[in-house]
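Close look at the chain arrangement
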Amino acid sequence: MQISPSILSADFANLQSELDAIGNADWAHVDVMDAHFVPNLTLGLPVVESLIEVSPVPIDCHLMIEDPDRWAPPYAEAGAKSVTFHIEAAQDPVTLARALRSAGARASMALKPGTPWEPYEELLPELDMVLVMTVEPGFGGQAFMADMMPKVRAVRESVRRYGGEIWIQVDGESPPPRSSSAPTPVPTFSWRDRPSTTPRTPLPTSTACAPWSRATVAAETEGARDAAAMAYWSARAPGSV
Ligand SMILES: O=C(CO)[C@@H](O)[C@H](O)COP(=O)(O)O
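Residues numbered from 1 in each chain as written. Predicted model: local features only at pLDDT ≥ 70, side-chain atom pairs only at ≥ 80, totals over all residues. Heavy atoms only, no water.

**So, the nonpolar core**
Quick note on the threshold: Nine residue types can take part in a nonpolar core, namely buried Ala, Val, Leu, Ile, Met, Phe, Trp, Tyr and Cys, and a core is a set of them joined through side-chain atoms within 4.5 Å. Burial status follows relative accessibility: with a 1.4 Å probe on protein chains alone, a residue under 20% of its type maximum counts as buried, one over 50% as exposed, and anything between as partly exposed. Comment: elements are numbered from the N terminus, with helices defined as DSSP H or I runs of at least four residues and strands as E runs of at least two. Contacts between residues were defined by any pair of non-hydrogen atoms, one from each residue, lying within 4.5 Å.
Counting residues in each nonpolar core, the largest one holds 49 residues, and the members touching the most others are V30, V32, C61 and V83. With five residues, the top contributor of residues to this core is helix 6 (residues 149-162). Not counting residues up to four positions away in its chain, the partners in contact with V30 are I7, L43, V48, L51, I59, D60, C61 and H62. Membership of the second largest hydrophobic core comes to five residues, among which are M33, V38, M64 and A89.

Set out below in structure tokens:
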């Protein structure tokens, strides 16, 4: 299980200190929005390059942009260790995924809530991660779409059939409002389909992620640390895990 707190909930005036504050997370999830693929605008390559320079954890770039075939590889070349493009925007996902990998990044493909998984199953050998959106991309603070969990399960089954070490990321949920007294629980999860073979440091707790109100967690399907994640999802989407 891994945590990748989303920068969308960080203080944009203090990004370096915000990154330092999540130094015990596994990744920093950076939402790049271009006001075309999604109606919102966040930040682009120059800011990501600066974040890569100062971040204590690797950058997990979620590109909600048009023409990722052209614009995504530079994020990998800049040093983002995971780069996610949207299949709805990609012209040639195979060539794009290969370009990301050859630039040193994990190649990841995202699906909007309305996009089915099955037509893209054959892309698995080209991918290191599949991101299943559980909100419409574009904004934080939306309600978690529990009806996306069957898609997560379908991706997991495809990954098992394929047999590769491919992670599944689930992104998007509206957490309870930030409280001055209590940290917000980790709300957004990523799933890794296989147990990790190497020992990991303990998962950051929600307290550790308190500076940012959102986080992405990757869960192994076995192991003590999964218990909390499974309980979390069982409560929100009964029968999904
Ligand atoms: O990609 C996105 C939104 O488009 C996410 O990464 C958001 O950051 C999730 O925020 P919450 O839904 O958890 O508030």
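Continuing now.
**Digging into the pairing of strand 4 (residues 82-86)**
This is how it is decided: At least two bridges found by DSSP between two strands is the condition for calling them paired. By convention, a crossover is right-handed whenever its connection, traced from the first strand over the helix to the second and viewed with the strands pointing away, goes clockwise.
Burial analysis of strand 4 places five of its five residues in the buried class, the great majority of the element. With burial as the criterion, each face of strand 4 is covered, one bearing S82, T84 and H86 and the other bearing V83 and F85. When strand 3 (residues 59-64) meets strand 4, the two strands line up parallel, connected through three bridges. From the neighbouring strand, H62 faces strand 4, where its bridge partner is T84. Pairing analysis gives five bridges linking strand 4 to strand 5 (residues 106-111), with the strands arranged parallel. Paired with F85 across the strands is M109, a residue of strand 5. Note on the crossover from strand 4 through helix 5 (residues 93-102) to strand 5: the handedness is right-handed.

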